[in-house]
Amino acid sequence: MAEAQTQPRRPIESGTPDPFPHMHPTLRRNFGLWKYHDRPRPGVLHHVSHTGEEVWTVRAGTQRQMDLATIRSLCDIADEYADGYIRFTIRSNAEISVADESKVEPLIKALQQAGFPVGGTGPSVTMISHTQGWLHCDIPATDASGVVKALMDELHEEFINERMPNRVHITTSCCQINCGGQGDIAINIQHTKPPKIQHDQVANICERPSVVARCPVAAIRPAVVNGKPSLEVDESKCVACGACFPPCPPMQINDPEHSKLAIWVGGNHSNARGVPSFHKMVVAGLPNNPPRWPEVAEQVKKILYTYRDNARDYERVGEWIERIGWVRFFEMTGLPFTKHHIENWHGSRAKLNTSAHLRF
Amino acid sequence: MAEAQTQPRRPIESGTPDPFPHMHPTLRRNFGLWKYHDRPRPGVLHHVSHTGEEVWTVRAGTQRQMDLATIRSLCDIADEYADGYIRFTIRSNAEISVADESKVEPLIKALQQAGFPVGGTGPSVTMISHTQGWLHCDIPATDASGVVKALMDELHEEFINERMPNRVHITTSCCQINCGGQGDIAINIQHTKPPKIQHDQVANICERPSVVARCPVAAIRPAVVNGKPSLEVDESKCVACGACFPPCPPMQINDPEHSKLAIWVGGNHSNARGVPSFHKMVVAGLPNNPPRWPEVAEQVKKILYTYRDNARDYERVGEWIERIGWVRFFEMTGLPFTKHHIENWHGSRAKLNTSAHLRF
Amino acid sequence: MANKTYDTPKLDELESGPWPSFVTGLKRLAADKPMIAGVLGQLEQSYTDRKGYWKGGTVGVYGYGGGIIPRFTELKDADGEPQFPEAQEFHTMRFIPPAGMHYSTQTLRDICDMWEKHGSGLIALHGQTGDIMLQGTTADQVQECFDEFNEYGFDLGGAGPAVRTGMSCVGAARCEHSCCNEQKIHRMLINNFLDDMHRPSLPYKFKFKVSGCANDCMNAIERSDFAVIGTWRDAIEVDQSEVQAFVARKGRQYTIDNVITRCPSGALSLTDDDQLEIDNSSCVRCMHCINVMTKALSPGQERGVAILVGGKRTLRIGDLFGSVVVPFLPLRNHEDYERLLEIAQEVVDFFAENALEHERVGEMIERIGLPNFLEAVGLEVDPNMIREPRSISYVRMDDWDEQAEKWHQRQQESAAS
Amino acid sequence: MANKTYDTPKLDELESGPWPSFVTGLKRLAADKPMIAGVLGQLEQSYTDRKGYWKGGTVGVYGYGGGIIPRFTELKDADGEPQFPEAQEFHTMRFIPPAGMHYSTQTLRDICDMWEKHGSGLIALHGQTGDIMLQGTTADQVQECFDEFNEYGFDLGGAGPAVRTGMSCVGAARCEHSCCNEQKIHRMLINNFLDDMHRPSLPYKFKFKVSGCANDCMNAIERSDFAVIGTWRDAIEVDQSEVQAFVARKGRQYTIDNVITRCPSGALSLTDDDQLEIDNSSCVRCMHCINVMTKALSPGQERGVAILVGGKRTLRIGDLFGSVVVPFLPLRNHEDYERLLEIAQEVVDFFAENALEHERVGEMIERIGLPNFLEAVGLEVDPNMIREPRSISYVRMDDWDEQAEKWHQRQQESAAS
Ligand code: SRM
Ligand code: SRM
Ligand code: SRM
Ligand code: SRM
Ligand code: SF4
Ligand code: SF4
Ligand code: SF4
Ligand code: SF4
Ligand code: SF4
Ligand code: SF4
Ligand code: SF4
Ligand code: SF4
């Protein structure tokens, strides 16, 4: 091994592998030829090709962070029922396709038996998209896997059923960098205090000019503290975003007490009907409360069920609120409306109501 | 008189006069009691009160800049047919009301005979709103009265008829300060060159720090030119807005050749259906060509008639374009689309197409 | 009296055509008024050179710091002598018209007579800010002219960094959509600020405009610093038999395409037997359906006004619309009107003390942020003030709990009351 | 092999409930893998302290500058000794999956076997950027592990200021909406930039994502710097008998309320005999009607892609969506694909040379302005790139005529061709 390291091999820069060898033969044969699809039941997609061939795909939730046994058990099921092919969705759901309708029910049963909930299709709450958190990241204020597991336990029934007005895409992010996407509902970290600086470490670890440059509000400046070069934060300017923390870990932004969770709604990446839109903050100040974050679950469910009970078919969360208005949204959910809901970032002008459109 | 000036009287600060003594008695009696209205013909509004009383109002165009004879002739007509009352609209149209339907036709005739076109109601092109220009202002690059007279001559038929999809509000402004409002169609001055500075006059006339402060792009700085304190403009930064000119007339922004006219569309102050919206530039570089500005008239008519022939009922110009899209608008009108149409001011991000909504 | 007149071949071209010609009017005046003859000469020169020839200056009346727009000619010959000496001065006096721009012909005739005596006879009805613009007098005439108009009942409007003349729509006087007494609001507001109008000492101009409904016929939301817009809080009034009559007259398809589908909030639905169903809690009070079916629909009965602050046009940071700072203020009684005045006073006072020089109130709000402005003038935040909540997480929310508590408290109080 | 394990009372609470538990999985691994036992111990501590305990560092493989995310524990005792020494190192290797995330089970099993040998056994399928995240190995294992995976057919993805792993939707493989060959585009783009992926030297990260239609199942418009979205240019294909079947099944009212009135461009109309009329020139290709009536409607036949540049999340200036820089690029033949690559190359090159350090391409465009960017990368302006034209007059248009002429010329050329 020592030898290997002195004479290392040159990598084969093969990049993204060709998916065709990995594709179920029915998909391969009908590539680009699909005609329409329907959903015979929650968790099952039935696609029909112009060639007349058909395929049934069963979608099952996973924990994303999988151990070997979990992956192997998925492989076992795919081998037994589905010719040995499987794919994963962008939301870490497993999709197993079969060309024979009679295999659908047994496949579902096998998945369920192995502990994989079948669902996440159509107007359901699909798996929450997932970032790293305490399990692996170097800057997280919370744990993504834990929040997601806790929430998916609560929303399990909405995963295995299709009883939402439209598909619900929930996302999480474990720091304000936000590796998670926009969400119909997004659960994100929100720091509420400026970083606490470990001044004695700054000089060793941080490239000070580049830290200064990262601050979106120019709140950081070089300073000498206790005789050592360090950094200083104008705490009245600081928006507690944490952008200074990754390039300079001594700028401790995470705080067990003051790093809170906030819920955002109405983000939408698709272009169906309206253009893509960013999610908007509706409630903040929720405690970062492992292992089950009950306060977050409560608010998410409140919002989700208000949406479910009131939106029209095909309305995504944001579209529903746009129709009924924010006045009604806050009324229906009982959430408080505060000055913090009023955007104060660049371009905030466009977020003000500059019209006589009013709701009472 | 000399005496009067040494002992001047103190003003009576009476402010805005009470309109009730000036109101037609039927209006006065039915103040706040109107039930509905209709338009028996272009130029005539028929309002019906909850009390059962009715009033017919005839609207007539004026030149706004009126000589005494014009005003007196309006008074003569109002006296003869309408009990001696008259009002003016925000667009300088005269409105004369009668409580007796039989007086409507004679009133219309009298107005027409005296040279006042009757119209401007409902889905018509009403009088163009009007600023000062060469006739009176100290900073104009063109003449508002002239542009408006020239255009209203061309659009006269659209004033006396109601054959537009919705009301069309045109505005003009004679410098980039834009005393005119947002318009379904707006005809505004657009300078294309930085100010030419008469350096020998700056020191006498201009308060230099306040001129520097007026520039929206910080292109001006104090400088000494030919030994005298003056100002200097970074011509590559300057957006030729003319904001420096009013506080400092030696910063000549107006130019017979390079002060051009531009046409903007889709401005809308009302909240009916959509929220109020700013007009958007569609064509620039039109010559400032008195006394009849034919190039402007041509473009305005092109836009106006494309709108008339293609919009749906109640669509204002901006709503029509929003529905058909800008691609189609430029195609239908044959106007060029250039990089200058792409906003580059603060907040321009919101003007980009950040979606897959596309039209072909 | 045969005055000297000048050739105006370019302007003459503006005498033809169906629209009333200001040139013809000016020529008529020029016969008696040398000043106008000179103005025509200068204007012809402008048309030839494509250049303006007026400059400002200082002219005023005793006791007032504004209201007159002075104009001196810049068109001089080689010796520095005015080319059109009759038009050496050409000042405008801005007088405030009756709210809603109603006139008895007697008053209008009197205005004409007074202006014939003291000025050029040229009158704009009206300026874009709503003034009677008496255009064309000399510095030595303005005091006398003002005194006569002032005695008669007219006052000068604003100019410079001052409260300006206000505007209100015809509204209750002749419009079924009116949700408030526009004239009363208009006069109350303006006449409360006459000191700030006549002795300009604000950071910059400040305009009030009043529209009786969301059609905003006064362009108040963009063209004033303080816009008052009539609206209502309860349900739209529906006369279903008139709805049926409308559908019968215009057709079902037409009704759906032009009313139902045009509602910006999807609040309308037409039943199979042509009844109109309105989801009043979604309705944004845009006026569209009421505009189109004016016989069948009217604003509700619980009426009041919304206040939007900060409209203006282009200078400095580009055009701004006003934004909602009070979603609903009922105007049922004297106290309510007092409250309106109080809000206006707070806004003007805060503007006076905190705006930068030459900064409009809208720009100031943009600079300091709406929440700070609201707090300063004693108004509470409300979701009606925003199009949507923040989508950027860059914000300090140390006091979230406190702010949330404020809201809950207010909700409880309003539920209790 | 009985490893040392730690008590994890908090984490244990995440073993109950119907959703698959990552904790149960970790515990399963911990039995064989001391590293995971340590990780569980540390994670329990995080759950207790509400604090993360990893820090970064430098770990890599020969020839590559990225692809590994190093993690070292920061949880030390008073003597500076790791509290969970088994988890002193816990690095992630990011491998690129087959485009569309298809796997033969054989491959997946092989991945498991290889990772069992070289790592902790913890695998995320997949990371938010689409990588296979093999989580948990030590610095002295990575080269060997990489070599084995690499020989098997897998390559490392990006990390740092580099081109990152790309993503494409299932698309043509199993979706009737697909307007392009997502996998081919995806692989062509990424595999063209492997040097920029493996030897990070860009100003900052650069991501490609491909969605076969405007539903954008890959969140490409916001979550990638270079989004490729399938679309079409001709008319939507309509099977009127399927339209009728849909209306018969769902009802007229339902069809109107859920399809017709939901069209964002008012392009749909249902005739009295249940034929669908589409104004294809107004249609914005949003996919809604096709989504709902998938049997009756399909994208047109003249297919291609749009390119949007500049999406990203929050850092620095707040979230950005990508914006249209190419409204339509057909992908009919080799030359067309070459053109796509050329555009991508121009964009990456210009980004590499002109972005500031730690500036994404979207931020750079915001800084220099879209027209300058377009000019630099050789693309022409088009009204499809904007929501609406400028509304601020602050702009220098000295060269208006020239710019106008450009457009007219292009129009003539395209009319001629
Ligand atoms: C498998 C997957 C693509 C993949 O390559 O992984 C996929 C597959 C399909 N999507 Fe998707 N979408 C997938 C993620 C997404 C995402 C991204 C995400 O989840 O983060 C979006 C954008 C989210 C957003 O807007 O914020 C997305 C927005 C859509 C939409 C638009 C919905 C809308 O009305 O706004 C459709 C259309 C529809 O639902 O008919 C759609 C439709 C579909 C269809 C029906 C396409 C088809 O005809 O086959 C597929 C089956 C959907 C189903 O669940 O019923 N897919 N789809 C992804 C499954 C994720 C999951 O496991 O839940
Ligand atoms: C007289 C006047 C108010 C005044 O106090 O002076 C007025 C009077 C009426 N307006 Fe107006 N509007 C008047 C200027 C405006 C303006 C401002 C302007 O012209 O600069 C606007 C906003 C312009 C904009 O949006 O940019 C305006 C937007 C409306 C609307 C909204 C139209 C829309 O669909 O967007 C209505 C509703 C309607 O047309 O049914 C309306 C409706 C009306 C009605 C029908 C109200 C009524 O029931 O009596 C009045 C008769 C209108 C007609 O012409 O048929 N009025 N109206 C103004 C006449 C101006 C003129 O001489 O042409
Ligand atoms: C006369 C009038 C145009 C007209 O022909 O109707 C006018 C004329 C002038 N305006 Fe105006 N504005 C007039 C209504 C407006 C309006 C419309 C309105 O009030 O609804 C606006 C847009 C709304 C607003 O307030 O922003 C307007 C926005 C401006 C501005 C830009 C203010 C800004 O913040 O962007 C200026 C520049 C300034 O004040 O520094 C300005 C400045 C001027 C000056 C004083 C130019 C100057 O610095 O010398 C003009 C004097 C012309 C003259 O010789 O009489 N004028 N001006 C209008 C006033 C007549 C009246 O009192 O009734
Ligand atoms: C692992 C992953 C989250 C996950 O659990 O899935 C992740 C994890 C990290 N992201 Fe991310 N990002 C991941 C997808 C994303 C995405 C989503 C996407 O690609 O679609 C985004 C939003 C889109 C974007 O690119 O903006 C994202 C936006 C960021 C940013 C903010 C970039 C910005 O311009 O705003 C940073 C900060 C940075 O790079 O300086 C960041 C930085 C990081 C770092 C490297 C934090 C750091 O500085 O150490 C995290 C390493 C965590 C770890 O220990 O593994 N990550 N990150 C995702 C990558 C896995 C993979 O390769 O498949
Ligand atoms: S969101 Fe933050 S904490 Fe979570 S994985 Fe991304 S960078 Fe790490
Ligand atoms: S937390 Fe954000 S705002 Fe505060 S100092 Fe750090 S980078 Fe600046
Ligand atoms: S738009 Fe300009 S030139 Fe015209 S009146 Fe207003 S300030 Fe004077
Ligand atoms: S014209 Fe405008 S941009 Fe140019 S120097 Fe003057 S104020 Fe500045
Ligand atoms: S604003 Fe409303 S109330 Fe006033 S005149 Fe216009 S339509 Fe009537
Ligand atoms: S007023 Fe406007 S929002 Fe309200 S129901 Fe009528 S059309 Fe809809
Ligand atoms: S983006 Fe479009 S083509 Fe791709 S999977 Fe989603 S719906 Fe199908
Ligand atoms: S694709 Fe979208 S925009 Fe086009 S017709 Fe269908 S619903 Fe309308």
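Scoring rules and cut-offs
- Residues numbered from 1 in each chain as written.
- Chains lettered and ligands numbered in written order.
- Predicted model: local features only at pLDDT ≥ 70, side-chain atom pairs only at ≥ 80, totals over all residues.
- Heavy atoms only, no water.
- Contact = heavy atoms within 4.5 Å.
- Buried area = accessible area lost by both parts, 1.4 Å probe.
- Salt bridge = Lys/Arg side-chain N within 4 Å of Asp/Glu carboxyl O.
- Helix = DSSP H or I, 4+ residues; strand = E, 2+ residues; numbered from the N terminus.
- Nonpolar A, V, L, I, M, F, W, Y, C, P; charged D, E, K, R; others polar.
- Axes fitted to C-alpha atoms, helices over the stretch in contact; angles between N-to-C directions.
- Parallel < 35°, antiparallel > 145°, perpendicular 65-115°, else oblique.
- Left-handed = near helix turned anticlockwise from the far one by under 90°.
- Buried < 20%, exposed > 50% of the residue type's maximum accessible area, 1.4 Å probe, protein only.
- Domains from an automatic or database assignment.
- pLDDT = per-residue confidence, 0-100.
- Disulfide = S-S within 2.5 Å.
- UniProt positions renumbered as here; feature names shortened; annotations may be inferred.
- Near = heavy atom within 4 Å.
- Polar contact = N/O pair within 3.5 Å; in protein donor to acceptor, adjacent residues only side chain to side chain.

The name given to chain C in an unreviewed UniProt entry is Dissimilatory sulfite reductase, with the source organism recorded as Halorhodospira halochloris.

In the annotation of an unreviewed UniProt entry, the entry for chain A reads Dissimilatory sulfite reductase, and the organism field reads Halorhodospira halochloris.

**With respect to the interface of chain B and chain C**
Residue-level contacts link 110 residues of chain B with 116 residues of chain C. Around 10,200 Å² of area is buried between chain B and chain C when both sides are counted, 57% of it from carbon and sulfur atoms. Three residues stand out in chain B for area buried against chain C, namely Thr16, Ile90 and His136 of chain B, and they jointly supply 8% of the buried area on that side. In this structure, the connection of chain B to chain C is made through 11 salt bridges. Those elements that place two or more of their residues in the side of chain B that touches chain C are β1 (34-41), β2 (44-49), β3 (54-60), β4 (65-66), α3 (68-81), β5 (85-88), β6 (94-98) and α5 (144-160) of chain B. A total of 9 residues in the side of chain B that touches chain C trace back to one element, the largest contributor, which is α3 of chain B. Classifying every residue of the side of chain B that touches chain C by side-chain character gives 47 nonpolar, 40 polar and 23 charged.

**Things to note about the packing of helix α6 (residues 182-192) of chain D against helix α12 (residues 334-354) of chain D**
Residue and element names in this part refer to chain D. At a minimum axis distance of 10 Å, the contact between α6 and α12 shows a crossing angle of 45 degrees. Compared by their axis directions, α6 and α12 come out oblique. Of the two possible hands of crossing, α6 and α12 adopt the one that is right-handed. Between α6 and α12, the contacting residues are Lys184, Ile185, Met188, Leu189 and Asn192 on the first element and Tyr337, Glu338, Leu340, Leu341, Ala344 and Gln345 on the second. When the residues that make up the contact of α6 with α12 are grouped by side-chain class, the tally is 7 nonpolar, 2 polar and 2 charged.

**Some thoughts on the environment of Val168 of chain B**
All names here are of chain B. Take Val168: it is sitting in the loop between α5 and β7 (170-173). Val168 sits 182 residues away from Ala350 along the chain, and the two C-alpha atoms are 27 Å apart. Leaving out residues up to four positions away in the same chain, Val168 has contacts with Ser124, Val125, Thr126, Asp184, Leu304 and Tyr307.

**Structural notes on the pattern of salt bridges**
Close approach of charged atoms allows side chains of opposite charge to pair. Inspection of the entire model under this criterion finds 94 salt bridges over all chains. Glu116 of chain C is the salt-bridge partner of Arg72 of chain B, the closest N and O atoms lying 2.6 Å from each other. Taken together, the residues Arg72 of chain B in helix α3 and Glu116 of chain C in helix α4 (residues 105-118) connect one chain to another. A relative accessible area of 31% places Glu116 of chain C in the partly exposed class.

**Structural notes on the domain arrangement of chain A**
Interfaces are often sized by the accessible area lost when the parts come together. In terms of domains, chain A is made up of domain 1 (21-113), domain 2 (129-192 + 256-341) and domain 3 (196-252). Here domain 1 of chain A and domain 3 of chain A have C-alpha centroids that lie 50 Å from each other.

**As for unusual backbone geometry**
Note that the residue after Pro290 of chain B, namely Pro291 of chain B, is joined by a cis bond; omega there is 5 degrees. Following the sequence through the fold, Pro291 of chain B ends up in the loop between β14 (280-286) and α8 (294-310). Of note, the bond from Leu125 of chain C into His126 of chain C is cis; its omega dihedral lies within 30 degrees of zero at 5 degrees. Looking at the element boundaries, His126 of chain C is found in the loop between β6 (122-125) and β7 (132-137). Backbone geometry places Tyr314 of chain A, a non-glycine residue, at a positive phi of 75 degrees. Inspection of the secondary structure assignment puts Tyr314 of chain A in the loop between α8 (294-310) and α9 (317-324). Of note, the phi angle at His358 of chain D is positive, near 65 degrees, even though the residue is not glycine. Examined against the element boundaries, His358 of chain D turns out to sit in the loop between α12 and α13 (361-368).

**Concerning the confidence of the model for chain C**
Confidence in the prediction for chain C averages 96 pLDDT; 100% of positions are at 70 or higher. Listed scores for the predicted complex are pTM 0.96 and ipTM 0.96.

**Focus on the state of the cysteines**
Overall, the coordinates contain 2 disulfides over all chains when judged by the stated rule. Cys206 of chain B shares a disulfide with Cys248 of chain B; S-S distance 2.1 Å. Classification of the bridge connecting Cys206 of chain B and Cys248 of chain B rests on its S-S torsion, roughly 75 degrees, and on that basis the disulfide is right-handed. Taken together, the positions of Cys206 of chain B in the loop between α6 (199-205) and α7 (208-214) and Cys248 of chain B in the loop between β11 (228-233) and β12 (251-252) put the pair 42 residues apart, joining distant regions of the chain. Grouping residues by exposure puts Cys206 of chain B and Cys248 of chain B together as buried. Cys75 of chain B provides the cysteine sulfur closest to Cys112 of chain C, a residue in no disulfide bond, and the two sulfurs are 6.0 Å apart.

**Describing the UniProt feature "domain: Nitrite/sulphite reductase 4Fe-4S" (unreviewed entry) in chain C**
Per the UniProt record, "domain: Nitrite/sulphite reductase 4Fe-4S" (unreviewed entry) is found at residues 160-380 of chain C. The span residues 160-380 of chain C shows a helical share of 36% and a strand share of 17%, and its end C-alpha atoms are spaced 32 Å apart.

**Some points on the site of ligand 8**
Taken together, the neighbourhood of ligand 8 is formed by 13 residues, with Cys215, Cys238, Cys241, Gly242 and Cys244 of chain B sitting nearest. Looking at the shell around ligand 8 residue by residue, the class counts come to 12 nonpolar, 1 polar and no charged.

**Things to note about the interface of chain D and chain C**
Contact with chain D, which involves 8 residues of that partner, is made by 8 residues of chain C. When chain D packs against chain C, close to 620 Å² is buried across both sides, 56% of that on carbon and sulfur atoms. Of all residues in chain D, the largest losses of buried area upon contact with chain C belong to Thr314, Ile392 and Tyr394 of chain D, amounting jointly to 55% of the total for that side. Where chain D packs against chain C, one counts 4 residue pairs in polar contact (both at pLDDT 80 or more). Class assignment for the residues of the side of chain D that touches chain C results in 3 nonpolar, 3 polar and 2 charged.

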